[in-house]
Amino acid sequence: MARSTCSARLLIRTALLLSICFLLNPADAGRRGFRKNKHDGGEERRAQEDDEKGGRRVGRKERKRLEREKAVKFAQMKADGQDQISMTKEAAELRSYELRKKKKKGLFRRKEASLAQVLFPGVSPEEYNDNEPIPAFVELVDSQKTQLPFQYYDLPTCKEPHDAIQRRFRQRKNLGSRLMGYKLRMSPYSFPTKVNKGCTPLCFVEVGDKKLNWLRKLIDRQYRIHLTLDKLPVLMRSKELNYAMRGFPIGFKAHKASTGLEHDEYYFFNHLKFTITYREEPNEFEGVRIIGFDVHPVSIRHDFGTVEDEQKFDQLHGGAEVDQRAIEKVRGEPLSTCNQDFAPRNDPETYLSLSGDFTKPMMNVKSTKFMYSYEVHWQETDIPWSDRWDVYLVGSPDDEIHYFAIVNSLMIVVFLTGAVATIMIRTLKKDIAGYNEMQTIEEAQEETGWKLVHGDVFRPPQSYPMLLCVLVGSGAQIGSAFFATLFASMLRMLNPIKKGQALTAVVVLYVFCGVIGGYVSARLYKFCDAKAWKRNTIATALAFPAVIVSMFMVLNIFLRIVGAATAVSFLTVFFIFLLWGCVATPLVFVGSYFGYRADKIEVPTKTNQIARFIPEVPYYAAPPISNMLAGMLPFGSVCIELFFIMSALWLHQLYYIMGFLLAVVAILGATCAQVSCVMCYLQLCVEDHRWWWKSFFNCASAGVYLFLYSIWFLASKLELVGILPVMVYLTYM
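What you see is a predicted model; the values in this text were computed from it and never measured. (Residues numbered from 1 in each chain as written. Predicted model: local features only at pLDDT ≥ 70, side-chain atom pairs only at ≥ 80, totals over all residues. Heavy atoms only, no water.)

Another point: helix α14 (residues 465–490). Relative to the 38 Å expected for 26 residues at 1.5 Å per residue, α14 spans 37 Å between its end C-alpha atoms, a close match to the ideal helical length. Buried within α14 we find Met466, Leu468, Cys469, Val470, Gly473, Ser474, Gln477, Ala481, Thr485, Leu486, Ala488 and Ser489. At the C-terminal side of α14, arginine 492 shows a positive phi close to 65°. (Helix = DSSP H or I, 4+ residues; strand = E, 2+ residues; numbered from the N terminus. Expected span 1.5 Å × (residues − 1). Buried < 20%, exposed > 50% of the residue type's maximum accessible area, 1.4 Å probe, protein only.)

Structure, rendered in structure tokens:
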């Protein structure tokens, strides 16, 4: 016995020595060192602290002290009036500090990162040589007051340039971008690298009465124009007011009290002052990197001279690009309001007015001629390329709010878990013990509760079993597609910031998840002992998509009438029908085939031939009151995160934290499952064995609360104008 013990000890010591030798192997150490360098490369904060301390690792207390010093420093900067949106070094440091919690990656061990790595993982910066033209692209013209965006070239503006887009600037077209109305179109403005431009005439446009009335309507509804340069959205900044907004307005409305007129006046922004911030670092990279893209719109009535001079400009209007030499050739001298020595500015005396009374849209208004112009200024900065997205998230909610939302959801789950555990461990155990102690048949007949319906609890639904199977199968298909999309986004396989990519993933995954929907529907339908399996399969494949497509087609007709950019073309509609009929439907049939081939779901009890009489239940335990009470907890578990999702969808805000959203969806699924368990048990306790439809509506009623919440969001947060925008909003919700 002692000898075997010594042998075992010897074997253990030998194994430990071999493990140590393996760990100290130089080749393996090299691999570990590479892995360590790879993971520690993003921890800039620790590296900076090590440099400050001469290479000595900073302890936790020292790190806390440094954080307190930074907090005091930046609080003093804010007290001194330092803004957060300008391109100065101090503003960039303050922005970086305010967004420090957003600049982290990972779930448990969150590492330092830049917003460029968080929003656009794997994207490398573009470098441009001097005088190299950088294309700018136009996006949708949209407004928070309506959900009806328009294309930029639907406006009375300059003609679209016909230059071919370079290969490195092209973006792949996808189904989602087509459904959302996004098209990659070049802007009429040119931006050669590091070339400053004074006031440069762009084109002359003559606007008729209908276009004037439409422009006034767009201005009244606060539509904004969006441009991108080097994938960077254009910004309007105000250092005095410390705010920055994406895009710039078409014009502005002046109240009659400020103008002295009998009606409100509308003014149009026809001159744009662009400021492009760049960085040069010959020791790190070659060329120029774009850091910021700003615009300051100006409304100016350009002076064309005499009536004869204005008539000479008729040969130049209509969107043709012009330059100073063409103007001098026609007029004999450059424009006094737009030349290299004059910078236009906003002056009430020279505002470009859209003459006419907006309250009388059908009045006879003369056409107006005006000229588009712009200027470009390049400014160098020391801000790194990785921090150029900081200004776009200034003022956005902190990530701690999302943590609070998850904690709120987890508390509800813990509460429901306790309720389920109480039912399973204490109540059921007590009930079973009581049933086992019955001595006579008379005592058993006097007992009440869930045990008396054991012969009817697995009775298939007597009312509309096919409809229930179709709804459950469609729900499984939607849930699988949504969960797969969130999981792919969390793994950075999808980027929700890119236009249309997330919507494309949802549509494609929904189509491929038709196998799951068909399988679930078929298994449940087989359990119901129904025979019309072909009808059930066809209904599963067509019911939900038919409802969605019908609503989409009706809405698309109205969008096409008003000329909205989200109106889908016939080719896209045909492609959707092709995807539905040739891919989604066959996959549902494949899933149904395997579902019907599988064994029938077995139950532990035998169903009675005659259904048991159901006594009268209390009013609070009967639908719809019980359903509405059950739906409150699932909705309450996601209501906080729902606000951020609604803001991203309808208030044009950025939403990129897919990990939080996936966690909330998982909590929602757990909450629905536990609510169903509790409500089903309470229902069986009152001897009501018809639980199929009631269990379905217990969790489905959370959708009613979602719709009511969307109405509250519409009334309190949105300021939609017109009937069609409200129809669009309610249709999507």
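A separate point is the packing of aromatic side chains. Here the structure, examined in full by the defined rule, presents 34 aromatic pairs. With centroids separated by 5.1 Å and ring planes inclined at 45°, the aromatic side chains of phenylalanine 268 and phenylalanine 370 adopt a geometry described as tilted. With phenylalanine 268 in strand β13 (residues 265–268) and phenylalanine 370 in strand β16 (residues 368–380), this pair connects stretches of sequence that are 102 residues apart. For the pair phenylalanine 268 and phenylalanine 370, one class covers both residues: buried. Ring plane angle 65° and centroid distance 5.7 Å describe the contact between tryptophan 533 and tyrosine 596, whose orientation is recorded as edge-to-face. (Phe/Tyr/Trp six-rings, centres within 6.5 Å; stacked < 30°, edge-to-face > 60°.)

A separate point is a positive patch on the surface. Among the surface-exposed residues, Lys173, Arg178, Lys183 and Arg560 lie close enough to one another that they form a single positively charged patch. Examined against the element boundaries, arginine 178 turns out to sit in helix α7 (residues 175–180). (Patch = residues over 30% accessible without salt bridge, like charges linked within 9 Å, V, L, I, M, F, W, Y side chains within 5 Å. Areas by Shrake-Rupley, 256 points an atom, 1.4 Å probe, with all protein chains shown as cover. Salt bridge = Lys/Arg side-chain N within 4 Å of Asp/Glu carboxyl O. Lys, Arg positive; Asp, Glu negative; His and termini not counted. Charge placed at Lys NZ, Arg CZ, Asp CG, Glu CD.)

To continue, consider the side chain of lysine 694. Inspection of the secondary structure puts lysine 694 in helix α21 (residues 692–700). Classification of lysine 694 as buried rests on a relative accessible area of 17%. Sequence-distant contacts of lysine 694, defined by excluding residues within four places in its chain, comprise Pro623, Asn627, Gln683 and Asp688. (Contact = heavy atoms within 4.5 Å.)

Since the α-helix turns once every 3.6 residues, residues separated by three or four places project in the same direction. Here helix α18 (residues 570–597) contains 28 residues, and its C-alpha end-to-end distance of 40 Å stays within 8% of the 40 Å for a straight helix at 1.5 Å per residue. For α18, the principal kink sits at tryptophan 580 and spans about 30°. Turning to α18, its buried residues are Thr572, Val573, Trp580, Ala584, Thr585, Val588, Gly591, Ser592, Gly595 and Tyr596. (Bend = angle between axes of the 7 residues up to and from the residue.)

With that settled, the discussion passes to the side chain of serine 143. Position of serine 143 relative to the elements: it lies in the loop between β3 (136–138) and α7. A polar contact of 2.5 Å, which involves the side chain of serine 143, links it to the backbone oxygen of arginine 221. Among the polar contacts listed, one links the side chain of serine 143 to the backbone oxygen of glutamine 222, at a separation of 3.3 Å. (Polar contact = N/O pair within 3.5 Å; in protein donor to acceptor, adjacent residues only side chain to side chain.)

A few words now on a nonpolar patch on the surface. The grouping of Val554, Ile557, Phe558, Ile561, Val562, Ile723 and Met727 at the surface amounts to a nonpolar patch, some 670 Å² of accessible area in total. For the nonpolar patch, the secondary structure elements donating two or more residues are α17 (533–562) and α23 (723–732). For the nonpolar patch, the element with the highest residue contribution is α17, accounting for five residues. Position of phenylalanine 558 relative to the elements: it lies in helix α17.

By the secondary structure assignment, arginine 216 is in helix α8 (residues 209–220). Here the alpha-carbon distance between arginine 216 and leucine 354, two residues 138 residues apart in the chain, equals 7.3 Å.

Where α14 contacts α21, the axes come no closer than 11 Å and their chain directions differ by 35°. As for the relative orientation of α14 and α21, their crossing is left-handed in sense. Side by side, α14 and α21 meet where Leu467, Leu468, Leu471 and Val472 of the first sit next to Trp692, Trp693 and Phe696 of the second. Residues that form the contact of α14 with α21 fall into these classes: seven nonpolar, no polar and no charged. (Axes fitted to C-alpha atoms, helices over the stretch in contact; angles between N-to-C directions. Left-handed = near helix turned anticlockwise from the far one by under 90°. Nonpolar A, V, L, I, M, F, W, Y, C, P; charged D, E, K, R; others polar.)

Note that every value here comes from positions in space, so none of it alone points to a role or purpose.
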